[in-house]
Amino acid sequence: MATRTSQPLWGLWGVIFRTPGISANEVLRATRVGEVEGRAALMLLLADGRIFRSIESDDAPLTSSSFVIPLGTPNGWEAAVFDHFQAVATAITAKLQRRSLGGGHEDSIGGTTLHFGICAAHPFEQRVPLTIGTPHHASARVS
């Protein structure tokens, strides 16, 4: 995977991950990224294998199987924050809609936000920073 990054790259990648099937033309219109910079970012994402399309067309559906911004990456934190906000807002909206229609508490809409409250000399002081840099499903290894 290439190491070059740009700000539009992270935002475009996040939108494609959250909107499977969006086309290059649609994502550029939706994000208002400049044409030249946006197309360059999309080409890099395609070349790196972070996004996929079945045919070579700006109208072809784009998909991404993951959206991971590595710990310490200088750019992209804005896209990560937006991704988190969008996930929370979508879950809250879906829960409110279900409950307003008479749905109970048995629904399966939700998610997880992790918080590690550690201090100096805590038994997991060394393990938590390593866990934060790995995918979230690995956080079960802390305990």
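Our subject is the structure that appears above.
Residues numbered from 1 in each chain as written. Predicted model: local features only at pLDDT ≥ 70, side-chain atom pairs only at ≥ 80, totals over all residues. Heavy atoms only, no water.

(A) The packing of helix α1 (residues 7-18) against helix α3 (residues 35-48), seen in detail. Packing of α1 against α3 brings their axes to within 9 Å, and their N-to-C directions diverge by 65°. Judged on the interaxial angle alone, α3 and α1 are roughly perpendicular. The handedness of the crossing between α1 and α3 is right-handed. Residues Pro8, Leu9, Leu12, Trp13 and Ile16 of α1 pack against Glu37, Gly38, Ala41, Leu42, Leu44 and Leu45 of α3. Within the contact of α1 with α3, the residues separate by chemical class into nine nonpolar, one polar and one charged. (Axes fitted to C-alpha atoms, helices over the stretch in contact; angles between N-to-C directions. Helix = DSSP H or I, 4+ residues; strand = E, 2+ residues; numbered from the N terminus. Parallel < 35°, antiparallel > 145°, perpendicular 65-115°, else oblique. Left-handed = near helix turned anticlockwise from the far one by under 90°. Contact = heavy atoms within 4.5 Å. Nonpolar A, V, L, I, M, F, W, Y, C, P; charged D, E, K, R; others polar.)

(B) Examining the environment of Gly76 more closely. Assignment of secondary structure puts Gly76 in the loop between α3 and α4 (77-100). A relative accessible area of 0% means that Gly76 is categorised as buried. Residues Gly76 and Gly14, 62 residues apart in the sequence, show an inter-C-alpha distance of 9.5 Å. Setting aside its immediate chain neighbours within four residues, Gly76 contacts Gln7, Trp10 and Ile69. (Buried < 20%, exposed > 50% of the residue type's maximum accessible area, 1.4 Å probe, protein only.)

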